[in-house]
Amino acid sequence: MPSPFLSSEEYDERAHQLYNDGQYDEALDVLREGLALYPHSVELHVGVGYARLAREEFAWGRKAFEEALVLDPEHEDALAGLGETLLKFGQREQALKAMRRLLELGYQDDVELMLQVSRALFREGLFDDAREYVDIVLQQSSESSEAVALLGYVQHRAGDEEGAVATLRRALQLDGENAEARIYLANILYDRGDYEAALYHLDRTGPEEHWDELGIWRLVELKKSIYRLADDDPELKPWDERLAELAEPTDDLDDMLGEIEQRFNDELSDAPQYQLELFGALLSDLADHRRDEEGDAEPRVRVPRRADHAVQVEGSVYDGSWADIVRKMRDADGGYSGRTVQDFMTAEARRAFSRSGVRIPADDPERFIRGSADAGLLRIVR
């Protein structure tokens, strides 16, 4: 039951602490309780938006940010949050407008806010726009390791590999505890075939600092080959445990609800036709789910999320027929825009061979995926 003795600021502070601890469900409960007493609190609406964003409930996050902006059209955190959610729905022009408004309002000197915007743009592949906001940060704080590292990420995705390596090394000089920059640099070095240097950096990170599987797979592989460790060596156990945590399959129900939520964002929720379509889609999804349980499930693969590959951060699970999966993987990588599935398989197989010496068949989608799984580049979930 809501407590009348807490102010809106106290509710916001409690929720903020829970959010920082990664307890997003609990933070959302506190924010809802606060809004029941203080429905016009901008900060509480903004807090709901970021909690929803953290839970990947983008439509509901967008709604919360829009409600905050009705109360305060110039609230900086609401504008940044709205821009980030709009990017999730592919509404880039509107997102960039919301983010540009921050500059019009004079928030160039808010380093954390500019970094947040730049990261959001980078994750969605808008590297030129991300670079603009990084440059703004560096004008204010040239010694920020996080900003320098982000510049390195942008340089790498823009094709300037040498510049990226130099920039990431500078970021580590500024802050040797910047694990994200160290892992990103290690992955670049690994791709260049500089395995000892890659292991040098990966070996200076802890399992809890990795949020994608690729860096861990590479560290384990390098430790086995360079240090001659056995598969069951105790030194590898923490890494295997972290890998298992990151590789947990997504929940089918969560996937289904996420799809429904996105449709809700795109249509009017009170339109009768939409309600019928949504109900029909729900029945179809449930039927598909039942077929999966009966053993007729189509293949599903999980591609490791990579710090240096923004596409895979947001779309690491693919399902459908073998051909569908390869096509989706190709479409997710902007570098193969306009090229055929065969081109994609051939180029990826060639790249895998140059990095690891493993030959992957490129003549058939199923053989390509199974070969990629054998090479440790992806996992077949079912």
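About the criteria used
Residues numbered from 1 in each chain as written. Predicted model: local features only at pLDDT ≥ 70, side-chain atom pairs only at ≥ 80, totals over all residues. Heavy atoms only, no water. Axes fitted to C-alpha atoms, helices over the stretch in contact; angles between N-to-C directions. Helix = DSSP H or I, 4+ residues; strand = E, 2+ residues; numbered from the N terminus. Parallel < 35°, antiparallel > 145°, perpendicular 65-115°, else oblique. Left-handed = near helix turned anticlockwise from the far one by under 90°. Contact = heavy atoms within 4.5 Å. Pairing = 2+ DSSP bridges. Expected span 1.5 Å × (residues − 1). Patch = residues over 30% accessible without salt bridge, like charges linked within 9 Å, V, L, I, M, F, W, Y side chains within 5 Å. Areas by Shrake-Rupley, 256 points an atom, 1.4 Å probe, with all protein chains shown as cover. Salt bridge = Lys/Arg side-chain N within 4 Å of Asp/Glu carboxyl O. Lys, Arg positive; Asp, Glu negative; His and termini not counted. Charge placed at Lys NZ, Arg CZ, Asp CG, Glu CD. pLDDT = per-residue confidence, 0-100. Buried < 20%, exposed > 50% of the residue type's maximum accessible area, 1.4 Å probe, protein only. Polar contact = N/O pair within 3.5 Å; in protein donor to acceptor, adjacent residues only side chain to side chain.

1. Observations concerning the packing of helix H4 (residues 58-71) against helix H5 (residues 76-88)
Turning to step 1, where the next piece is worked out: Relative to each other, H4 and H5 sit at 150°, their axes nearing to 9 Å. One way to sum up the angle between H4 and H5 is to call them roughly antiparallel. Between H4 and H5 lies a crossing whose hand is left-handed. Between H4 and H5, the residues in contact are Phe58, Gly61, Arg62, Phe65, Glu66, Ala68 and Leu69 and Asp77, Ala78, Leu79, Gly81, Leu82, Thr85, Leu86 and Lys88, respectively.

2. Some thoughts on the sheet that holds strand E3 (residues 379-380)
Turning to step 1, where the next piece is worked out: Ordered by their spatial adjacency, three strands build an open sheet running E2-E1-E3, and the pairing between neighbours is antiparallel. A strand with exactly one partner marks an edge of an open sheet, and here the two such strands are strand E2 (317-319) and E3.
Turning to step 2, where the next piece is worked out: Pairing analysis gives three bridges linking strand E1 (residues 300-302) to E2, with the strands arranged antiparallel. Bridging across to E2, arginine 300 finds its partner in aspartate 319.

3. Some thoughts on helix H1 (residues 8-20)
A turn of α-helix holds 3.6 residues, and therefore any two residues three or four places apart point the same way.
Turning to step 1, where the next piece is worked out: The first and last C-alpha atoms of H1 sit 18 Å apart over 13 residues, in line with the 18 Å expected at 1.5 Å per residue.
Turning to step 2, where the next piece is worked out: Of the surrounding elements, those touching the buried residues of H1 are helix H2 (24-37) and helix H3 (42-54).
Turning to step 3, where the next piece is worked out: One or two positions beyond H1, positive phi appears at glycine 22, with a value near 80°.

4. Remarks on a negative patch on the surface
Turning to step 1, where the next piece is worked out: On the surface, Glu9, Glu10, Glu13 and Glu43 cluster together to form a negatively charged patch.
Turning to step 2, where the next piece is worked out: The element contributing the most residues to the negative patch is H1, with three residues.
Turning to step 3, where the next piece is worked out: Inspection of the secondary structure puts glutamate 43 in helix H3.

5. What about the confidence of the model for the protein chain?
The predicted coordinates of low-pLDDT regions are not to be read in fine detail.
Turning to step 1, where the next piece is worked out: Counting all residues, the mean pLDDT for the protein chain is 84, and 79% of those residues have values of 70 or more.
Turning to step 2, where the next piece is worked out: In this model residues 267-284 is a low-confidence stretch, pLDDT under 50, and it forms twelve contacts with partners more than four residues away in sequence or in other chains.
Turning to step 3, where the next piece is worked out: In this model, residues 306-315 is a region of pLDDT below 50 whose contacts with residues beyond four sequence positions or in other chains number 28 contacts.

6. Remarks on the environment of arginine 302
Turning to step 1, where the next piece is worked out: Of note, arginine 302 is situated in strand E1.
Turning to step 2, where the next piece is worked out: For arginine 302, a relative accessible area of 8% gives the class buried.
Turning to step 3, where the next piece is worked out: Considering only alpha carbons, one finds arginine 302 and aspartate 319, 17 residues apart in sequence, at a separation of 8.8 Å.

7. Notes on the side chain of histidine 210
Turning to step 1, where the next piece is worked out: By the element assignment, histidine 210 lies in the loop between helix H12 (195-202) and helix H13 (213-226).
Turning to step 2, where the next piece is worked out: Setting aside residues no more than four positions away along its own chain, histidine 210 makes contact with Ile183, Leu202, Thr205, Gly215, Ile216, Trp239, Arg242 and Leu246.

8. A word on the side chain of glutamate 76
Turning to step 1, where the next piece is worked out: Within the secondary structure layout, glutamate 76 lies in helix H5.
Turning to step 2, where the next piece is worked out: An unpaired buried charge is present at glutamate 76: no salt bridge exists, and arginine 101, the closest side chain of opposite charge, is 11 Å distant.
Turning to step 3, where the next piece is worked out: Here the side chain of glutamate 76 touches tyrosine 107 through a polar contact of 3.1 Å, side chain to side chain.
Turning to step 4, where the next piece is worked out: Setting aside anything within four residues of it in sequence, one finds glutamate 76 in contact with Leu102, Tyr107 and Leu113.

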